[in-house]
Every structure is written in C-alpha cells, then in structure tokens.
Amino acid sequence: MLTQLFFGYCALMIIMSGILAISLRNPVHCVLMVLVMFLHMAGLYLTLNAEFLAAVQIIVYAGAVLVLYLFVLFLVSLRDEIRLNPFVGNVWIGRGIAIGLALALITVLPSFIPGERGDWPLAAVREVTHTKAMGLELYTTYLLAFEIAGLILLVAVIGGLVLARREQGQPPDHEGDEVVPPAHRQLDNNEEVRR
Amino acid sequence: MSTTVAVNWAAVEPIIPELLLVGIAVLLIILDLFAPRQRQLLPWLTVVGCLAVGVMVLGSRPAVAFGGMFVIDGYAVFFKTLCLTGVVVTTLMSEHFRRISGMHQGEYYSLLVLSAVGMLIMASAGDLMILYLGLELMALPIYALVGLHKTDNRTSEAAIKYFLMGGFASALLLFGMSLLFGLTGTTDIASIARVIEVHALAGNPALAAALGLLIAGFCFKVAVAPFHLWTPDVYEGAPTVVTAFMSVAPKAAAFAVFGRVLFYGLPELQLHWGPILAVLALLTMAVGNITALCQRSLKRMLAYSSVAHAGYALLGLLAGTTQGLAATMSYLFIYLFMNLGAFAILILLATEGNPRETLDDCKGLAARSPIAAALMLVFFFSLIGIPPTAGFIGKFYLLKAAFSAGYILTVVGAVLFSAISAYFYLRVVRYMYMDEGEQNMVFHFSPGMIAALAFCVLGVLGLGIFPGLLFDWAGSAALAG
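What counts as what
Residues numbered from 1 in each chain as written. Chains lettered and ligands numbered in written order. Predicted model: local features only at pLDDT ≥ 70, side-chain atom pairs only at ≥ 80, totals over all residues. Heavy atoms only, no water. Helix = DSSP H or I, 4+ residues; strand = E, 2+ residues; numbered from the N terminus. Buried < 20%, exposed > 50% of the residue type's maximum accessible area, 1.4 Å probe, protein only. Contact = heavy atoms within 4.5 Å. Expected span 1.5 Å × (residues − 1). Polar contact = N/O pair within 3.5 Å; in protein donor to acceptor, adjacent residues only side chain to side chain. Disulfide = S-S within 2.5 Å. Patch = residues over 30% accessible without salt bridge, like charges linked within 9 Å, V, L, I, M, F, W, Y side chains within 5 Å. Areas by Shrake-Rupley, 256 points an atom, 1.4 Å probe, with all protein chains shown as cover. Salt bridge = Lys/Arg side-chain N within 4 Å of Asp/Glu carboxyl O. Axes fitted to C-alpha atoms, helices over the stretch in contact; angles between N-to-C directions. Parallel < 35°, antiparallel > 145°, perpendicular 65-115°, else oblique. Nonpolar A, V, L, I, M, F, W, Y, C, P; charged D, E, K, R; others polar. Core = buried A, V, L, I, M, F, W, Y, C linked by side-chain atoms within 4.5 Å.

Peer 1: Explain the overall build of chain A to me, please; I cannot follow it from the model alone.
Peer 2: Along the backbone of chain A there are seven helices and zero strands. Going from N to C terminus, chain A has its helices and strands arranged as α-α-α-α-α-α-α. For chain A, the residues scored as buried account for 23% of the 195 residues in total. Within chain A, contacts between residues separated by at least 24 positions form 58% of all contacts whose residues are at least 6 apart in sequence.

Peer 1: In this structure, what is going on with helix 8 (residues 205-222) of chain B? I would like to understand it.
Peer 2: Residues spaced three or four apart along an α-helix point in a common direction, a consequence of the helix completing one turn every 3.6 residues. All names here are of chain B. In this model helix 8 runs 25 Å from its N-terminal to its C-terminal C-alpha over 18 residues, within 8% of the 26 Å that 1.5 Å per residue would give. Within helix 8, 15 of the 18 residues are buried, which leaves it mostly tucked inside the rest of the structure. In this structure N204 caps helix 8, since a side-chain oxygen of it lies 2.8 Å from the backbone nitrogen of A206. A223, located one to two residues past helix 8, shows a positive phi value of around 60°.

Peer 1: Hey, could you run me through the state of the cysteines in this one?
Peer 2: What is meant by a disulfide is a covalent connection between two cysteines, made through their sulfur atoms. Applying the stated criterion across every chain yields a total of zero disulfides over all chains. No disulfide involves B:C456; its sulfur sits 15 Å from that of B:C50, the nearest cysteine.

Peer 1: What should I look at first to understand the environment of B:A419 in this one?
Peer 2: Along the chain, the position of B:A419 falls in helix 18 (residues 408-434). Separated by 130 residues in the primary sequence, B:A419 and B:N289 have C-alpha atoms spaced 9.5 Å apart.

Peer 1: It is not clear to me how a nonpolar patch on the surface should be interpreted in this structure. Could you clarify?
Peer 2: Residues A:V67, A:L68, A:Y69, A:F71 and A:L75 make up a contiguous nonpolar surface patch of roughly 520 Å² in combined accessible area. Take A:L75: it is sitting in helix 3 (residues 51-75).

Peer 1: Before we go on, may I ask you to explain the pattern of salt bridges in this structure?
Peer 2: Pairing between side chains becomes possible if they bear opposite charge and their charged atoms approach one another. All names here are of chain B. Going through the model one piece at a time under the given rule, you end up with seven salt bridges over all chains. Between K80 and E18 there is a salt bridge whose closest N-O contact spans 2.9 Å. With K80 in helix 3 (residues 74-101) and E18 in helix 1 (residues 16-34), the pair connects residues that are 62 residues apart, well separated along the chain. The pair K80 / E18 is uniform in exposure class, with both members buried. Three or more residues are tied together by salt bridges with common partners; here these are K161, D233, E236 and R300.

Peer 1: Is there a simple way to think about the packing of helix 16 (residues 370-384) of chain B against helix 17 (residues 390-404) of chain B in this case?
Peer 2: Relative orientation and spacing of two packed helices are given, respectively, by the angle between their axes and the distance between those axes. Residues and elements named next belong to chain B. Their axes nearest at 6 Å, the elements helix 16 and helix 17 cross at an angle of 10°. Between helix 16 and helix 17, the crossing angle belongs to the class labelled roughly parallel. From helix 16, S382, L383 and I384 reach across to helix 17, where they touch A390, G391, F392 and K395. Residue composition of the contact of helix 16 with helix 17, grouped by class: four nonpolar, two polar and one charged.

Peer 1: Can you walk me through the nonpolar core in this structure?
Peer 2: What tends to happen in soluble globular proteins is that the nonpolar side chains get buried as a cluster. B:F258, B:L266 and B:F380 are the most contacted members of the largest nonpolar core, which has 205 residues in total. For this core, the leading source of residues is helix 14 (residues 322-349) of chain B, giving 21 residues. Counting residues in each nonpolar core, the second largest holds nine residues, with A:V31, A:F38, A:A62 and A:L73 among its members.

Peer 1: Explanation requested: helix 5 (residues 128-146) of chain B in the structure shown.
Peer 2: Residue and element names in this part refer to chain B. Over its 19 residues, helix 5 runs 27 Å from end to end, which matches the ideal 27 Å to within 8%, given 1.5 Å per residue. The buried fraction of helix 5 amounts to 17 of the 19 residues, a majority that puts the element mostly inside the structure. By the N-cap criterion, in which a side-chain oxygen at the helix start approaches the backbone nitrogen of a residue two or three places on, helix 5 is capped by D127, the distance to M129 being 2.9 Å.

Peer 1: I tried to follow the environment of A:V34 on my own but got confused; where do I start?
Peer 2: Residue and element names in this part refer to chain A. Within the secondary structure, V34 sits in helix 2 (residues 27-47). For the pair V34 and L103, spaced 69 residues apart in the sequence, the C-alpha separation amounts to 25 Å. In this view, V34 contacts A21 and L66; residues no more than four positions away in its chain are not counted.

If you want it as structure tokens, here you go:
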C-alpha cells in the first residue's frame, strides 16, 4: 500500500514537473523542474528495488548532466529566443490527441497481464545484490546494446561539435546560428536573462 | 570469488561489417583533422569503405549472434545492401553539393557513415532493445546533418523540428515496446511472437494498444500520414543532399524494422495491423499526392512525393504475405534509384548562392542541358510508374500483393492517386521541354555526380527491363527471414 502511494506520488510529480519543464519560460526554472523530475525518477527506481539505478540516476543525471545544462545556460546568452511556428495550428488539437491517448491507455489498463518473469526474480536479485546482477547482465546479455549506446555517445559528441562550430568563412556574429549554443559570442555578465 | 573468462572473439564475427564501418567513420574524422589538405579524398574513402562493407555484408553467412539480439538473415542482408547503396550514392553526390553550398564540414562524411552503422544495426536487430538503439544511432547523425548548413535559417528550423519530432516518435515507440515487454516478458522479437501465440494474447486490448503505439512510432519514422507533418518542412529546410539521403536510406531502414516487428514479432496480430495500415496507406497516398499538386517548390514537391511513396511501400506490408514483403523491399530499392536520381538533378540545378528549388527553375532545362532533362524525365517516369522503368514493375508487384490479400479498395485508391501524381511530375517535364527559361546556366558535372547519375539511371532502366534480378533476391530474402 505504502509502495503504491509512493509510486503514485512519484508518477504525479514526474508528470507535473515534466509539463512545467516544457511550459515555463525561464530556462533556469525549466532545468530546475527537470531536476525535480530526475529525483522522482530515482524514487521510482527505489520502488523497483533498483538501488544502484536510483543512485546512478541522482549522481549522473541530477548531479552531472544537470550541472552541465546549467553551465550551458549561463554561458549562452539566451536573449534571442527561438521561435518556431507551431506544427499544428490549434493547440487544442494537440491537447485533444494527448487526452485521447491517455484515455485509450487507461481503458486498456485493466486487461494488462504481466508477462513471464525473466531470469531475475526479486529473490535472485536480493541474493546477489542489485548492482552485481545488473553488472552481470549488462556485460553479458546486453553487451551489444551497451556498446551501441557507447557509439551513440560518440555520435552525440561529433554532432554537437558540428552544430556548435562556426562554419568556415562565416562572419562571427551571424544571425543564423541561434539554434546552436553560440559559444563564440561575447558574454555580457551584467545582462540578466530576462523574460 | 570472481572468475575471469577468456573473451570469445568468434562471437564478434557477425558484427565485423559494422565494426569496420565504425572504424571508417573514426578514420574519416582523424583524416579530416590531421590531413586537411587531403580533404578531397574523404568522399572516396567513404565510397570505398562502404563498398567493402557491402561486399562483406553480401558474403556474410546467416547467423544469430549475441543471444538472438543480432540476426543476420536474407532480410537483414537485403536491407543492409540497400542502405549502403544509399550512402554510396549520396556520398558521390555530396562533393558537388558541398562545393556549391560552401558547406565545408569534414565531419559530414563521418556522420553519414555512423548513420549507416545505425541502419545496419536496425536491419539486423533481433531484439527490441537493439532495434531502438540502432534507430537512435541512425537518427542522431541525421539531426546534426540537417542542421549542418547554419547560414540558412530554414535549416535551423528544420533541424529543431526534426529533432523534436524524432524524439516524440521515439517516445511513442518506447511506450509501445514497454507495453509489449510487460505483456510478454521478453524483448526478443522471435520470442514475442512465440509468447503471444502460446498465451493467446492476440485479442488482448493492451496488446492492441502496444501495437498502435508501435505503428504510430514507425509511421513517424517512415513519414506516413497522419504522422508526416514534419516531412515537408524538414525535407525542404535540410541541405538538398541530406534530404536526398533522408528520403531514401533512413526510410528504408525504418521500413526494415517495421517489417521485422510486424512480420516476425506480431504475425498473430495481422488481422489488426493489416486494416490499420490499409487506411494509413490510403490516407498517405491521398495527402502526399494531392498536396504535391499545389507546390511551387520542386524540393517541397519531392518531399510530398516521398510521403506518397511511403504510402505505396506500405501496400506490400499490409498484405501480410511474403510476396507483399518482397514487393515492399524491391520497391524501396527501386525508389532509391529514382528518388536519389531526381534529387541529383535538383542538386545539379543549384548554383552558388542560388539554390534554384522552384518549379520555374526547371523551365527550358532541355534546351540548356538535354542530358539533365532526359535523366530527370526518366526518374520522373519511374516515380509515376510508366512501363519501361523500374517504378512501374515495383508498383505493379505492390498492387498485386495488396490485391491478392483482398484490399481491393486500397488498390483502387493507389491506382487513382498514381494517376493524380502523374500530373505534378509531368508538369515539371512540360516546363523542362516546352517552356523557355533563362539561358545563362552552366552545368558542371563532377566525376562523382556522373557516377551517381549513371548508377541511378542504370538502376531505373536496368531493373525496369530485368526486374527478375531484384525480385528473385527480395523474394528469397523475405522467405529466408
């Protein structure tokens, strides 16, 4: 019962902070909302008896990734906000689809039957401890997936580099590059990011 | 306590082509960094590397590696060859485009190759986890490639839009996969089919929801209506050569996993996904062809045409038969030739500082460059599906497959919309041959461009005359899988 309540709380907070993170205007507030979301995701992992994942979630995501986000936010002057035309004309179409999707998923929920248990029932995980179980699986069964994930990180680095670098022969303060964190732009510490 | 086990290097053998491709990608970065003067060698290194990998893929034996996660069968080999061909042709066209557009990014080829690695992994994925990771590995370099040309504002917008939509599609896909995993307790595609059969899950509404989410996610990736809304803007905003690549290779890879999941993972649900895909295919052909009619930009028109062709390719999938799968596979290969060819001509039209993407820029093309106009004519005839070209045969087999599966209404719709599509393709032909245009245009055929065009036109005409070569291969690949 307590676990279910805790799960409900975490799930609700994740959804709320997720929505806030994309709807708030101030980027710093957005990042803080993402932080709240990460912490509650760690809570979800705890309900699953995955302490290692919960710890990693907090150390890597809440600790490292978010701090990087904040650094980027402070380094980049975000005065020129990116404005995109909405993909769909009316906002209510999107909201309608989202609500419809949620309702459809809730209606099918009662017919959900959990499938076969895998090789690691809770008792087995408790016996060898979660960290070891995960390490064993990660470097045997899921070795290929693990390596591909590493490759994705390489791609992300190259892709980020390509997008962030100024094109050769491009004037230093070109207006076309607001999408990319313009690291070359002069910082002006006195100016606040005002919204 | 802990024991060490000697690494079994033989286990790596099935993924050697992928590893080689990763090596080439890294080599491309290193060469770009340390030998900047030899940059003109990079495209040729890419081409040679991809060809070598292609030979290795074609020579690889059927195998199941990494505990069923990585499958090499005829199906995988077919799609791998298709994707590598797409990369090679795109690379051949790239140098010309790069010179015109002033796009001097050495990482371009590296990203192209890394994206190809993702496609190969997708084609071989026997597990939903690998499938998803392959998909991301394929998509991430393309997000960067779309945003490569930073001097153009449209490009930035296209990159953001594509990234957001790609993320959204991934979310839907992951949701569907997690439901599927929850119901079956496995991520292995073959095991999923087995569990569904043994536990008689086919009528479960939760499974239907999972199927719906999976289809939505895949439809985003292959740009099937109503999930195609990102396509025109992204295709128009991206550098033309990247658009050409995107409309062919990633789409084929996405079709590969689409077919793999539906045919090998969820065959029990064929009664559900057949009709859903039939409706989507009809809608896609309608939206793609009718919207293409009123475009003034040639690039945007080709974007909508690409949406419509995704609809045609679905015809084979929805039939749910081996024949249908083979027809879709062959059509994707034929589509590679004709679409890359058409985009190659579009790239040829462009000059420095003037992208020349509107229909008016085609006016009088025949007078200025009879060869370019004639090639465009061939590619467009193939895209319409006019007999001596491969497009006709491809479409014919697709329609036949859907017809024999009983989707008569969809087939009638497909024929009707094909006829409509003839109008906007032929309008370009009319502009090229019957209208007067500006005369002061010089066409510069670079060696790579000549090779790409020759290859495409050979594919379109050759497969139109000898379709057996491709269809026999696709048929046996679909059976073997």
